[in-house]
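Structural overview
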Amino acid sequence: MARSRPAYEYTEAEDKSMRLGFLLIAAGLLSLLGLGCCWLRPALQERGGGGSANCTVLAVRQLGERFACTFSCGAACRGTARYPCLQVLVRTSRSSAPALLHEDERQLRTNPKCSYIPPCARDDQENSENVTYKQKYWKEKVGLQPFTCYFNQHLRPDDVMLKRTHDETVLLHCFLWPLVTFLVGVLIVVLTVCAKSLAVRAEAIKKKKHL
C-alpha cells in the first residue's frame, strides 16, 4: 500500500511552481543589477554633466572632405565606401558662440567633425544623395525654427546633440521588464505558499470533523 503524502509536504507540481518563482526572482534581480551597472551609471553621468537648450540653425554646409564607412553585403562580405561631411552649425540659448550639432553621443564619438553619418551604402553616390537630402531637410524644413538640443560637459562642451543616447524610454524599458519578471516570480511563490497553507488548514479541519 502506497504511503500517503503528508499535507504539509509540497507536491511535485507545487515544488516546480516554487522553483519557477525563485528562478524568476533571481533572473529579475540579476537583470536589474546588470542593467544598473551598464545603463544607469552612464545615464546618470550623462545627465549630471549635461542639460538641454534651445537651438537655432545658423548654417548648413558640406565640407570637401570625405570619410570612410564600412558596408555589409552578406555574411562574409564587407567593403569600404565614402560619404561627404555635413556640418550643421547652431546657436544655443546658453551661448552665443556657434556649436556643431550631432545626432547623438554615438555619432559624436564616431565622427566628431560631422553632424550626420548616413547608412553606409556600397555606392558613394548613394551616400552623397543621403547627405544632400539631410542637408535640404535642415535648410528647408527646419530653417530658423527653434528645437531642443542637448549638451554634455564631459564629452565636448562646444558641441550639442539632437537626442540623448540614454533617454527616458530606453531606461524605462530596460528596468521595467526585469522588474516585471521579479514581481511575477514573487507572485508565483506567494500564491503557491498561500494555496499550500489553505490546503493544510482544510486538511486539519477535515480531520477535526472526523474525530
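Further remarks concern the packing of aromatic side chains. Tallied over the full model, the rule gives 3 aromatic pairs. With 5.4 Å between their ring centres and 50° between their planes, Trp-138 and Phe-147 make a pair best called tilted. For the residue pair Trp-138 and Phe-147, the accessibility class agrees, reading buried in each case. Connected via pairs of aromatic rings, a cluster forms that spans Tyr-137, Trp-138 and Phe-147. Of note, Lys-134 hangs over the ring of Tyr-137, and the distance from its end group to the ring centre comes to 5.5 Å.

Once that is clear, we can look at the environment of Asp-104. Tracing the backbone through its elements, the reader meets Asp-104 in the loop between β3 (95-102) and α2 (105-110). Residue classification places Asp-104 among the buried positions, given a relative accessible area of 17%. A distance of 3.2 Å separates a polar atom in the side chain of Asp-104 from the backbone nitrogen of Arg-106.

Together, Leu-176, Trp-177, Val-180 and Val-184 make up an exposed nonpolar region whose accessible area comes to about 320 Å². With respect to the helices and strands, Val-180 occurs in helix α4 (residues 168-210). Relative accessible area serves as the criterion here: at 32%, Val-180 is assigned to the partly exposed category.

In this section: the pairing of strand β4 (residues 147-152). Put simply, side chains in a regular strand alternate between the two faces of the sheet. Of all 6 residues in β4, 5 are buried, a share of seventy percent or more. By the bridge criterion, 2 bridges tie β4 to strand β5 (residues 159-161) in an arrangement that is antiparallel. Directly across from Phe-151, in β5, lies its bridge partner Val-160.

All right, on to the side chain of Glu-103 then. By secondary structure assignment, the location of Glu-103 is in the loop between β3 and α2. Buried within the structure, Glu-103 lacks any salt-bridge partner; Lys-134 is the closest side chain of opposite charge, at an N-O distance of 4.3 Å. Among residues more than four places away in sequence, those in contact with Glu-103 are Ser-115, Tyr-116, Lys-134, Met-161, Leu-162 and Lys-163.

Counted by the stated rule, this structure contains 5 salt bridges. Put simply, Lys-16 and Glu-12 hold a salt bridge, and the shortest N to O gap is 3.7 Å. Here Lys-16 and its partner Glu-12 are both found in helix α1 (residues 12-48), 4 residues apart, which amounts to about one turn of the helix. With a relative accessible area of 54%, Lys-16 lands in the exposed category. With a shortest N-O distance of 2.7 Å, Glu-65 and Lys-113 are connected by a salt bridge. Linking Glu-65 in strand β1 (residues 50-74) with Lys-113 in the loop between α2 and α3 (124-142), this pair joins segments that are 48 residues apart in sequence. Overall, the relative accessible area of 35% leaves Glu-65 in the partly exposed class.

Turning our attention to the nonpolar core. In a soluble, globular protein the nonpolar side chains are often hidden away together inside. Ranked by internal contacts, the top residues of the largest apolar core, which has 17 residues, are Val-57, Val-88, Val-90, Leu-101, Trp-138, Phe-147 and Val-160. The dominant element in this core, judged by the number of residues it contributes, is β1, at 4 residues. Contacts of Trp-138, omitting those with residues within four sequence positions, involve Val-57, Val-60, Val-88, Leu-101, Gly-143, Phe-147 and Leu-162. Core analysis: the second largest hydrophobic core is formed by 7 residues, Phe-67, Phe-71, Ala-81 and Cys-114 among them.

Thresholds applied
Residues numbered from 1 in each chain as written. Predicted model: local features only at pLDDT ≥ 70, side-chain atom pairs only at ≥ 80, totals over all residues. Heavy atoms only, no water. Phe/Tyr/Trp six-rings, centres within 6.5 Å; stacked < 30°, edge-to-face > 60°. Buried < 20%, exposed > 50% of the residue type's maximum accessible area, 1.4 Å probe, protein only. Lys NZ or Arg CZ within 6 Å of the ring centre and 35° of its normal. Helix = DSSP H or I, 4+ residues; strand = E, 2+ residues; numbered from the N terminus. Polar contact = N/O pair within 3.5 Å; in protein donor to acceptor, adjacent residues only side chain to side chain. Patch = residues over 30% accessible without salt bridge, like charges linked within 9 Å, V, L, I, M, F, W, Y side chains within 5 Å. Areas by Shrake-Rupley, 256 points an atom, 1.4 Å probe, with all protein chains shown as cover. Salt bridge = Lys/Arg side-chain N within 4 Å of Asp/Glu carboxyl O. Pairing = 2+ DSSP bridges. Lys, Arg positive; Asp, Glu negative; His and termini not counted. Contact = heavy atoms within 4.5 Å. Core = buried A, V, L, I, M, F, W, Y, C linked by side-chain atoms within 4.5 Å.

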